[in-house]
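Here's the letter readout for the chains.
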Amino acid sequence: MKKLGVEKIISISACGSLKKHMKPLDIVVPDQYVDRTNQARRMTFFGDGIVGHVAFAQPVCGALSKELYETGRSLGIPMHLGGTYINMEGPQFSTKAESEMYRLWGMDIIAMSNMAEAKLAREAEICFATLACVTDYDCWYLNESVGSVSVDLIINNLKKNIGNAKKIVRGVLKRMKEDHCHCGCHSALKDAIMTDPKVMPPATKKKLKLIIGKYI
Ligand SMILES: [Zn+2]
């Protein structure tokens, strides 16, 4: 993406809802994440002799998120601006005890993929926001009469959601033509690189040139 000159990433993903008012077929634009992954996912471009600590208190681009939300609303799509996305490891879905624990923590939606995307986009100084399409209520809401979360249920709802997500992307692209974004995403590494350029290993420096080149 960085090599192609991409400046903004709109991630589209399926998620489960942990809140009753975030209904299946609604779209959530999350503004926070909690990481519950536990396997070794590569979530940074840094390492190998170059240390970088980007600020991540606000993990998504606020300006892009607002554009997505407003575009969806103007199209009559049920949207929610803000919400905390818990990134579970998967690939299995939650146990009921986990689902209930996440609700007690105040989490809003649950899925498996966004955490790494958001972290890497920030390090690459690319704006990032998500259209998290609610496909189901996770298992906290279910009982014997409702049944359990199944891949069939999720895929069927996701297909319905895809049409809405495409409409939002088309609408946002039109609005972006007059875009003068003043978010901080494109300078996220300004004060984040800790290693003195003089001691950076040449191989790592070369590998990271695309994202740190303008600062060293
Ligand atoms: Zn941004």
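Conventions used here
- Residues numbered from 1 in each chain as written.
- Predicted model: local features only at pLDDT ≥ 70, side-chain atom pairs only at ≥ 80, totals over all residues.
- Heavy atoms only, no water.
- Helix = DSSP H or I, 4+ residues; strand = E, 2+ residues; numbered from the N terminus.
- Buried < 20%, exposed > 50% of the residue type's maximum accessible area, 1.4 Å probe, protein only.
- Donors = N, O, S within 2.8 Å, 3.2 Å for Na, K, Ca; no water.
- Tetrahedral: all angles 85-135°; square planar, octahedral: opposite > 155°, others 65-115°.
- Pairing = 2+ DSSP bridges.
- Axes fitted to C-alpha atoms, helices over the stretch in contact; angles between N-to-C directions.
- Patch = residues over 30% accessible without salt bridge, like charges linked within 9 Å, V, L, I, M, F, W, Y side chains within 5 Å.
- Areas by Shrake-Rupley, 256 points an atom, 1.4 Å probe, with all protein chains shown as cover.
- Salt bridge = Lys/Arg side-chain N within 4 Å of Asp/Glu carboxyl O.
- Lys, Arg positive; Asp, Glu negative; His and termini not counted.
- Charge placed at Lys NZ, Arg CZ, Asp CG, Glu CD.
- Parallel < 35°, antiparallel > 145°, perpendicular 65-115°, else oblique.
- Left-handed = near helix turned anticlockwise from the far one by under 90°.
- Contact = heavy atoms within 4.5 Å.
- Nonpolar A, V, L, I, M, F, W, Y, C, P; charged D, E, K, R; others polar.
- Expected span 1.5 Å × (residues − 1).
- Arc of directions from axis to C-beta.

**Digging into unusual backbone geometry**
In this chain, Gly90 is followed by Pro91 through a cis amide linkage whose omega measures 0 degrees. Checked against the element boundaries, Pro91 lands in the loop between strand 5 (84–88) and helix 2 (96–104). The phi dihedral of Leu25 falls on the positive side, at around 85 degrees, and the residue is not glycine. Along the chain, the position of Leu25 falls in the loop between strand 1 (8–17) and strand 2 (27–29). Within the chain, Asp138 stands out as a residue other than glycine whose phi angle is a positive 50 degrees. Checked against the element boundaries, Asp138 lands in the loop between strand 7 (127–136) and helix 4 (151–176). The exposure class of Asp138 is buried, given its relative accessible area of 4%.

**Topic: the coordination of the zinc ion**
Binding of the zinc ion to the protein goes through Cys61 (SG), Cys127 (SG), Cys183 (SG) and Cys185 (SG), at separations of 2.2 to 2.3 Å. Because the angles between the 4 donor atoms bound to the zinc ion fall within 101 to 113 degrees, the donor set is best described as tetrahedral. Sequence positions of the donors to the zinc ion reduce to the motif C-x65-C-x55-C-x1-C. Here Cys183 lies in the loop between helix 4 and helix 5 (202–207) and Cys61 lies in the loop between strand 3 (32–36) and helix 1 (62–74), a separation of 122 residues in the sequence.

**Re the sheet that holds strand 4 (residues 79–81)**
Spatial ordering of the open sheet is given by 3-5-6-1-7-2-4, a layout of 7 strands whose pairing is mixed. A strand with exactly one partner marks an edge of an open sheet, and here the two such strands are strand 3 and strand 4. For this sheet the average axis-to-axis angle between neighbouring strands, irrespective of direction, equals 30 degrees. Of the pairings in the sheet, the one linking strand 1 to strand 6 (residues 109–111) comprises 2 bridges and is antiparallel in character.

**Description of a positive patch on the surface**
A grouping of Lys166, Lys167, Arg170 and Lys174 is seen on the molecular surface, where their side chains present a positively charged patch. Relative to the helices and strands, Lys174 is located in helix 4.

**Some remarks on the packing of helix 1 against helix 4**
When two helices pack together, their arrangement is given by the angle between the helix axes and by the axis-to-axis distance. Running from amino to carboxyl end, helix 1 crosses helix 4 at an angle of 120 degrees, the nearest separation of the two axes being 9 Å. Taken together, the axis directions place helix 1 and helix 4 in an arrangement best described as oblique. Here helix 1 runs over helix 4; the crossing is right-handed. Taken together, the residues of helix 4 that come into contact with helix 1 (itself represented by Leu64, Glu67, Leu68, Glu70, Thr71 and Gly72) are Ile168, Gly171, Val172, Arg175 and Met176. Residue composition of the contact of helix 1 with helix 4, grouped by class: 5 nonpolar, 3 polar and 3 charged.

**Brief notes about the environment of Ser150**
Within the secondary structure, Ser150 is located in the loop between strand 7 and helix 4. Separated by 55 residues in sequence, Ser150 and Thr95 place their C-alpha atoms 13 Å apart.

**Here we look at helix 1**
End to end, helix 1 covers 18 Å across 13 residues, agreeing with the expected 18 Å (1.5 Å per residue, within 8%). Turning to helix 1, its buried residues number three or more, namely Leu64, Ser65, Leu68, Tyr69, Thr71 and Gly72. Projected down its long axis, helix 1 carries its buried residues within an arc of 165 degrees, all on one side. Along helix 1, exposed side chains directed more than 90 degrees from the buried face belong to Arg73 and Ser74. Against strand 1, strand 2, strand 4, strand 7 and helix 4 lie the buried residues of helix 1. Of the residues trailing helix 1, Gly76 is marked for its positive phi of about 80 degrees.

**A closer look at a nonpolar patch on the surface**
Together, Phe93, Val151 and Ile155 give the surface a local cluster of nonpolar side chains, amounting to about 260 Å² of exposed area. Mapped onto the elements of the fold, Val151 is located in helix 4.

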